[in-house]
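# Descriptive analysis of the structure
Listed below, chain by chain, are the residues.
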Amino acid sequence: MTSFPTTDLGKHALRTQFWTTLCASAADFWTLTKPEVNFLILIATFTGFYLSCPTNLDRFPLARLFHTLLGTLLVASGTGTLNQYLEYLFDAQMRRTCRRPIAAGRLRPVTALWFGVSLSVAGVVYLLVAVNALSSLLAAVTSMSYLLVYTPLKRKTPLCTFVGAVPGAMPTLIGWAAASDSISSGKAWMLYALLFLWQLPHFMAIAWMYRDDYARGGYLIFPTNNEGRFVAGGNIDRIVRPLHCRPWYRHCEQRWHVSILWNGPARRWPFVLPRCGKVSSQSRIAARHLLKATIVYLPLQFLMFVLEKS
């Protein structure tokens, strides 16, 4: 039987431990960037870019699109990382987020801080050099407003969701600005409004599903003892209904089906909340269905826009 010298066994063990640690760290860094959120961000950025692009398909600027998506992805990844850095103490108190890399202690906070800052700065600079100044500025404003305005507001006021939807809808404008170097078009702002309003049922569904968890972490997603009135279907109806009106898209060259937003997931908003205003198993199930519907709906709606232009 062949035997290995002790030194060889030690080197082999160290090598194995190194690669195991490296793979685990890579997975944690990947988790920090919030890839599931970045997927929707890239879809929104691509849609804005494609709809704004003035050229025909045979002269489509693929290189510029690639630079736009890469720069936006870097900024979004850095922002997601910094968001977890700012909230890791609160994440540790919530069942939904306690296993995140920083909250669980697998990554040092200072490591995540430098990682997030590096990604964000690299993305803003990349957009400035490879695309244009307007898309870079919009990306910087998005990151800063998300981290410095929306993130602290989550512990101060239930209106944080509406504030967070402002930077949350910005990827459509980043893509639009990257292709046309302008965001003065009414179509650009209509696309922005659609994504802005889409976030309300999407994030409120998440908040209702994890209502107790958010309260445990100290987040004021709903008014204290007044959750029922805050998320009542009638209130959301008055907010989202303007997108159902034809004047929003009557002036467009293509007949954009903006009204689908209201006919789709947003119509199910009232079913998330039971009439008694209390959390129940049925309300959580309804919220989960609404969340799934919004996730499927947004890519399909953007795909419809792209196909109509094609």
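In the block above lies the structure referred to throughout.
These figures come from a predicted structure and were not determined experimentally. (Residues numbered from 1 in each chain as written. Predicted model: local features only at pLDDT ≥ 70, side-chain atom pairs only at ≥ 80, totals over all residues. Heavy atoms only, no water.)

As a further point, take helix α2 (residues 35-52). With 18 residues, α2 extends 25 Å from end C-alpha to end C-alpha; this agrees with the ideal 26 Å at 1.5 Å per step. Among all positions in α2, only N38, L40, I41, I43, A44, T45, T47, G48, F49, Y50, L51 and S52 are buried. (Helix = DSSP H or I, 4+ residues; strand = E, 2+ residues; numbered from the N terminus. Expected span 1.5 Å × (residues − 1). Buried < 20%, exposed > 50% of the residue type's maximum accessible area, 1.4 Å probe, protein only.)

A few words on the nonpolar core. Grouped together as the largest cluster of nonpolar side chains are 38 residues, with contacts concentrated most on L138, L173 and F302. Contributing elements (two or more residues each) for this core: α2, α3 (62-91), α5 (133-153), α7 (170-180), α8 (186-209) and α13 (281-309). Broken down by element, the residue count for this core peaks at nine residues, all from α8. Core analysis: the next-biggest nonpolar cluster, separate from the first, contains 14 residues, Y150, C160, M209 and L291 among them. (Core = buried A, V, L, I, M, F, W, Y, C linked by side-chain atoms within 4.5 Å.)

Now for the packing of aromatic side chains. Scanning the entire structure with this criterion turns up 11 aromatic pairs. Ring centres of F90 and Y219 lie 6.2 Å apart, and the angle between their planes is 75°; on these two criteria the pair is classed as edge-to-face. Placement of the pair is F90 in helix α3 and Y219 in the loop between α9 (211-217) and α10 (227-230), with a sequence separation of 129 residues. On the accessibility criterion, Y219 (6% relative accessible area) is buried. Where F302 meets F305, the ring centres are 6.3 Å apart and the plane angle is 45°; that geometry is what we call tilted. Pair noted here: F302 and F305 are both in helix α13, with a separation of three residues, about one helical turn. A relative accessible area of 1% means that F305 is categorised as buried. An aromatic cluster is present here, built from F46, F49, Y50 and F60 joined pairwise through their rings. Over the face of the ring belonging to Y210 we find R96, whose NZ or CZ atom lies 5.1 Å from the ring centre. Taking NZ or CZ as reference, R155 lies 5.7 Å from the ring centre of Y219, over its face. (Phe/Tyr/Trp six-rings, centres within 6.5 Å; stacked < 30°, edge-to-face > 60°. Lys NZ or Arg CZ within 6 Å of the ring centre and 35° of its normal.)

We now examine the packing of α2 against α8. Interaxial distance between α2 and α8 falls to 11 Å at its minimum, and their mutual angle equals 160°. By the angle between their directions, the pair α2 and α8 is classed as roughly antiparallel. Taken as a pair, α2 and α8 cross one another with a handedness that is right-handed. Across the interface between the two elements, L40, A44, T47, G48 and L51 from α2 touch L191, L195 and W198 from α8. Within the contact of α2 with α8, the residues separate by chemical class into six nonpolar, two polar and no charged. (Axes fitted to C-alpha atoms, helices over the stretch in contact; angles between N-to-C directions. Parallel < 35°, antiparallel > 145°, perpendicular 65-115°, else oblique. Left-handed = near helix turned anticlockwise from the far one by under 90°. Contact = heavy atoms within 4.5 Å. Nonpolar A, V, L, I, M, F, W, Y, C, P; charged D, E, K, R; others polar.)

In the structure shown here, the tally under the stated rule is five salt bridges. Between K154 and E87 there is a salt bridge whose closest N-O contact spans 2.8 Å. With K154 in the loop between α5 and α6 (160-168) and E87 in helix α3, this pair connects stretches of sequence that are 67 residues apart. Looking at K154, the relative accessible area reads 11%, which means it is buried. (Salt bridge = Lys/Arg side-chain N within 4 Å of Asp/Glu carboxyl O.)

All quantities given are derived from atomic positions and should not be read as evidence of function.
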